[in-house]
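Read off the chains here:
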Amino acid sequence: MATLTENANWGTELWDQYDNLSIHTLKGIDFLERYGHFVRDRATIESEYAYKLRRLVKNYQPKKKDEEDYQFTSCRAFKALMTEINDMAGQHEVVAEDLQANVIRELTALVKDLREERKKQLQEGQRLSQSLQTQIESLQRAKKAYDKAFKEAEKAIDGFQKADADFNLSRAEVEKHRANMAHKTQTCDQAKNEYAVQLQQTNQLQRQHFRSGLPEVFRQLQDLDEKRIKNIKNFIKGSVELERNVFPIINKCLDGVLKAADIINEKEDTLLVIEKYKSGFQPPEDFPFEDLSKGGSDSGSANNLNNIQLGSKIKDGGYTVKGTITGKAMKKRAGIFNIFGSRGNAAIADGKEDLSELPPNQRRKKLMQKIEELKTKVTQETAARDGLMKMKGVYEGNPALGDPRTIESQLNECSHRLEKLQQDLVRYQGYLDEVVKGIQSGNLTNSVTGSPRLLNGSSRIHRNSGGSAAEENSLSRSASDSSVTNTTLNNIKRSAPGTPQLNHGCSNSPESGLGTSHTSLHHADSDQDQYDGNHADPESEYYEADVLPAIGICRALYAFEAASEGSIPMAQDEELHLIEVDQGDGWTRVRRINGEFEEGFVPTTYIETSLFNT
């Protein structure tokens, strides 16, 4: 090894190793092809690993029923971790694709080219060797002919000499031997010359074969083998570079996993558990001590205990008389963190429309979700209606584009859907107001109440010292609506001429509350008046009906037919006084400017408002 230099080549050092060089180059190309198979299998493993990572992430993605549990920081961190793992899978796919495109493809083409080049050079070596072998054979034939001719010439010379010395032979026989000797000598000279020529040609071809022809073939084979070795080196380095290119992104993914871990907050999750499962009820009161020595009997104590026990067996909700959770309900709520298979509380809203079967806090959350959902639908329907109105206006302006009557049915359907959504929004907003008031006042009963929207000063019902706070703060839908409305209608006193009577009737529609609130109801004497739900004494209790001042002007963009109580009809382009702006329920309170005194509610989207400067 030490004696070899960079200029050493196979043509001079291995001039006689044609067969060994042929075998060596074949093994080298086979080795290159085997390395290509290794890279191909490596790319397959990377691709399969990426596929399995993606499959893993897909299998552990939260199901629709488990999304509620992913509000916890640990669950959100796990979801973020899966996102980073999915990105890491993408990087492994990049490695597989780059190996396939930049290494395997080039390596396969190189193997093919090397095999073809090796075959070409070996064929050239065989041709040169065959030419030399043919020339050597020609030399051997010339030498044999010369040897034969020389021997025959010697024999002819010897025969002539003997004949010339024999005096018994005639002159003719001696001349015959002379002629034969001359002919053989000439033939020998010709064979000698041919042999000399073939020898010269053979030596020249042999020198050319071993000094230029075959060395050039070996040099080409040497270049081919060096190219193979060099490309193996480049392929290995290229594979490493391809993998290094994805390391920064994989490191970012790992950093993302660490960030996901950092968002985990045990205190925050604890508060979320409280928010998620807090009922809003108060703990049960202490059991009273029953002193039997003061003339009481066992029946009183027993009755108290029996009442508490019976009160705790609420079948539907699973709550005790004071709102604690029973063992059965606890079992139903097990598996808070069973995020991969448990349904959790996905079906908690399966029940009454107003969700009155839920605890106050949970009911408030569900109602807020429902209100947000309704607001989104109202926005969508409003956009759809506006689009239809624009299309109708275009058709009316240019009948050639279409018949505006074809839009009427769609516009009516859209308006009806929008009105229905707005009514639902008002109704659920009323439910929410009722729950919020109940939580703030400590009245945590689950009665189904309508809680209609009261306009500009809610009806205030006072009680004497013997009344209950629950009567003041919460009225059930079953009795309170009708009693309050009827009593109000029977005992209202007008404070100004022209003040309208309140509309009769009460329902669960949004306009039911609107109909009972044309005027503001004020209590005259909060210290002495009382309300028992069935009768109102005109001398001790009365309501004042104040006419609210106009705060602006509005113009009807579209005609509106009042389909429910509490709303008023209006014609397109009609101007009305604005009494109260939209409170977020989609309705605006207005009053007619001319003609009969009339006020009520119209859809906010149907009018264009202009407020007075204050």
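Overview of the structure. (Residues numbered from 1 in each chain as written. Predicted model: local features only at pLDDT ≥ 70, side-chain atom pairs only at ≥ 80, totals over all residues. Heavy atoms only, no water.)

**Quick word on the overall build of the protein**
Right, on to step 1. Each helix and strand in the protein was counted, giving 12 helices and 8 strands.
Right, on to step 2. Within the protein, contacts between residues at least 6 apart in sequence are counted, and of these 71% link residues at least 24 apart.
Right, on to step 3. Of the accessible surface of the protein, which amounts to about 36900 Å², a share of 52% is contributed by carbon and sulfur atoms. (Helix = DSSP H or I, 4+ residues; strand = E, 2+ residues; numbered from the N terminus. Contact = heavy atoms within 4.5 Å. Areas by Shrake-Rupley, 256 points an atom, 1.4 Å probe, with all protein chains shown as cover.)

**Topic: the pairing of strand 5 (residues 575-580)**
Right, on to step 1. Relative to strand 5, strand 4 (residues 552-556) is paired through 4 bridges, and the arrangement is antiparallel. Looking at strand 5, one finds that I553 is bridged to H577.
Right, on to step 2. Inspection of the sheet shows strand 5 paired to strand 6 (residues 587-592) by 4 bridges, in the antiparallel sense. Looking at strand 6, one finds that E580 is bridged to R589.
Right, on to step 3. Taking the residues that link successive antiparallel strands as the turn, the strand 5-strand 6 hairpin has 6 residues, and the phi of G584 there is positive, at about 100 degrees. (Pairing = 2+ DSSP bridges.)

**Remarks on the pattern of salt bridges**
Opposite charge on two side chains lets them pair, provided their charged atoms get close.
Right, on to step 1. Scanning the entire structure with this criterion turns up 29 salt bridges.
Right, on to step 2. Taking the shortest distance from any N to any O, the salt bridge between E46 and R42 comes out at 3.1 Å. Residue E46 and its partner R42 are both found in helix 2 (residues 18-59); the two are separated by 4 residues, about one turn of the helix.
Right, on to step 3. Between D573 and R555 there is a salt bridge, and its shortest N-O distance comes to 2.8 Å. Note that D573 is positioned in the loop between strand 4 and strand 5 and R555 in strand 4, a separation of 18 residues in sequence.
Right, on to step 4. What emerges from the salt-bridge pattern is a single network uniting D30, E33 and R115. (Salt bridge = Lys/Arg side-chain N within 4 Å of Asp/Glu carboxyl O.)

**Let's talk about helix 4 (residues 171-262)**
Side chains that are three or four residues apart share a direction in an α-helix, a result of its 3.6 residues per turn.
Right, on to step 1. Here helix 4 is 92 residues long and its end C-alpha atoms lie 133 Å apart, about the 136 Å a rise of 1.5 Å per residue gives.
Right, on to step 2. Largest kink in helix 4: about 50 degrees, centred on H209. (Expected span 1.5 Å × (residues − 1). Bend = angle between axes of the 7 residues up to and from the residue.)

**Remarks on the nonpolar core**
Right, on to step 1. Ranked by size, the top nonpolar core spans 21 residues in total, and within it L32, V39, L99, V103, L107, L114 and F235 carry the most contacts.
Right, on to step 2. Elements with a minimum of two residues in this core: helix 2, helix 3 (73-165) and helix 4.
Right, on to step 3. For this core, the leading source of residues is helix 3, giving 9 residues.
Right, on to step 4. Ignoring anything within four residues of it in the chain, the contact list for F235 reads Y35, V103, E106, L107 and L110. (Core = buried A, V, L, I, M, F, W, Y, C linked by side-chain atoms within 4.5 Å. Buried < 20%, exposed > 50% of the residue type's maximum accessible area, 1.4 Å probe, protein only.)

**Focus: the packing of aromatic side chains**
Right, on to step 1. In this structure the tally under the stated criterion is 9 aromatic pairs.
Right, on to step 2. On the numbers, 5.5 Å between centres and 85 degrees between planes, the contact of Y428 with Y431 is edge-to-face. Within this pair, Y428 and its partner Y431 are both found in helix 9 (residues 405-441), separated by 3 residues, close to a single helical turn.
Right, on to step 3. Judged by its relative accessible area of 4%, Y431 is buried.
Right, on to step 4. Between F560 and Y606, the aromatic rings sit 5.7 Å apart at their centres with planes inclined by 80 degrees, giving edge-to-face as the arrangement. Here F560, found in the loop between strand 4 and strand 5, pairs with Y606, found in the loop between strand 7 (599-603) and strand 8 (607-611); they are 46 residues apart in sequence, far enough to count as distant. (Phe/Tyr/Trp six-rings, centres within 6.5 Å; stacked < 30°, edge-to-face > 60°.)

**Describing a nonpolar patch on the surface**
Right, on to step 1. A cluster of nonpolar side chains, contributed by I551, V581 and L611, occupies part of the molecular surface with about 230 Å² of accessible area.
Right, on to step 2. Inspection of the secondary structure assignment puts L611 in strand 8. (Patch = residues over 30% accessible without salt bridge, like charges linked within 9 Å, V, L, I, M, F, W, Y side chains within 5 Å.)

**Points about the environment of L242**
Right, on to step 1. Tracing the backbone through its elements, the reader meets L242 in helix 4.
Right, on to step 2. Under the relative-accessibility criterion, L242 is labelled buried at 11%.
Right, on to step 3. With 140 residues separating them in the primary sequence, L242 and N102 have C-alpha atoms 9.1 Å apart.
Right, on to step 4. Beyond its immediate chain neighbours, meaning those up to four positions away, L242 contacts V95, D98, L99, N102 and V103.

**What to know about the sheet that holds strand 5**
Right, on to step 1. Across the sheet, which stays open at both edges, the 5 strands sit in the order 7-6-5-4-8 with antiparallel pairing between neighbours. Looking at strand neighbours, the two that pair on one side only are strand 7 and strand 8, the edges of this open sheet. Within the sheet, the average angular offset between the axes of one strand and its neighbour, ignoring direction, is 40 degrees.
Right, on to step 2. Here strand 6 runs beside strand 7; their pairing, made up of 5 bridges, is antiparallel. Bridging across to strand 7, V590 finds its partner in G600. (Axes fitted to C-alpha atoms, helices over the stretch in contact; angles between N-to-C directions.)

**Considerations on the side chain of S138**
Right, on to step 1. Within the secondary structure layout, S138 lies in helix 3.
Right, on to step 2. A polar contact of 3.1 Å, which involves the side chain of S138, links it to the side chain of R141. (Polar contact = N/O pair within 3.5 Å; in protein donor to acceptor, adjacent residues only side chain to side chain.)

**Let's talk about the pairing of strand 4**
Right, on to step 1. The side-chain alternation of strand 4 yields one buried face, formed by G552, C554 and A556, and one unburied face, formed by I553 and R555.
Right, on to step 2. The sheet contact formed by strand 4 and strand 8 spans 5 bridges and is antiparallel. Paired with A556 across the two strands is I607, which belongs to strand 8.

**A few points about the side chain of E381**
Right, on to step 1. By secondary structure assignment, the location of E381 is in helix 8 (residues 360-397).
Right, on to step 2. Reaching out from E381, the side chain makes a polar contact with the side chain of R417 at a distance of 3.3 Å.
Right, on to step 3. In this structure E381 touches C414, R417, L418 and L421, once residues within four positions along its chain are discounted.

**Considerations on the packing of helix 3 against helix 4**
Right, on to step 1. Two elements in contact, helix 3 and helix 4, have axes whose closest approach is 6 Å; the angle formed by their N-to-C orientations is 170 degrees. Classified by the interaxial angle, the pair formed by helix 3 and helix 4 is roughly antiparallel.
Right, on to step 2. Of the residues in the contact of helix 3 with helix 4, the class split is 48 nonpolar, 24 polar and 18 charged. (Parallel < 35°, antiparallel > 145°, perpendicular 65-115°, else oblique. Nonpolar A, V, L, I, M, F, W, Y, C, P; charged D, E, K, R; others polar.)

**Remarks on the environment of A89**
Right, on to step 1. As for its position among the elements, A89 is in helix 3.
Right, on to step 2. A sequence separation of 37 residues divides A89 from K52, and the C-alpha atoms of the two residues are 8.4 Å apart.
Right, on to step 3. Those residues in contact with A89, other than ones at most four positions away along the chain, are A50, L53 and R54.

**Quick look at helix 5 (residues 266-277)**
Right, on to step 1. Look at helix 5: 17 Å from first C-alpha to last across 12 residues, which is about the 16 Å you get at 1.5 Å a residue.
Right, on to step 2. Listed as buried for helix 5 are D269, L272, K276 and Y277. For helix 5, the arc enclosing every buried residue in end-on projection is 110 degrees, short of the 170-degree limit, so these residues lie on one face. Along helix 5, the residues that are exposed and aim more than 90 degrees away from the buried face are K267 and L271. (Arc of directions from axis to C-beta.)

**Points about the environment of N180**
Right, on to step 1. With respect to the helices and strands, N180 occurs in helix 4.
Right, on to step 2. Overall, N180 belongs to the partly exposed group, its relative accessible area being 36%.
Right, on to step 3. Separated by 20 residues in sequence, N180 and F160 place their C-alpha atoms 8.1 Å apart.

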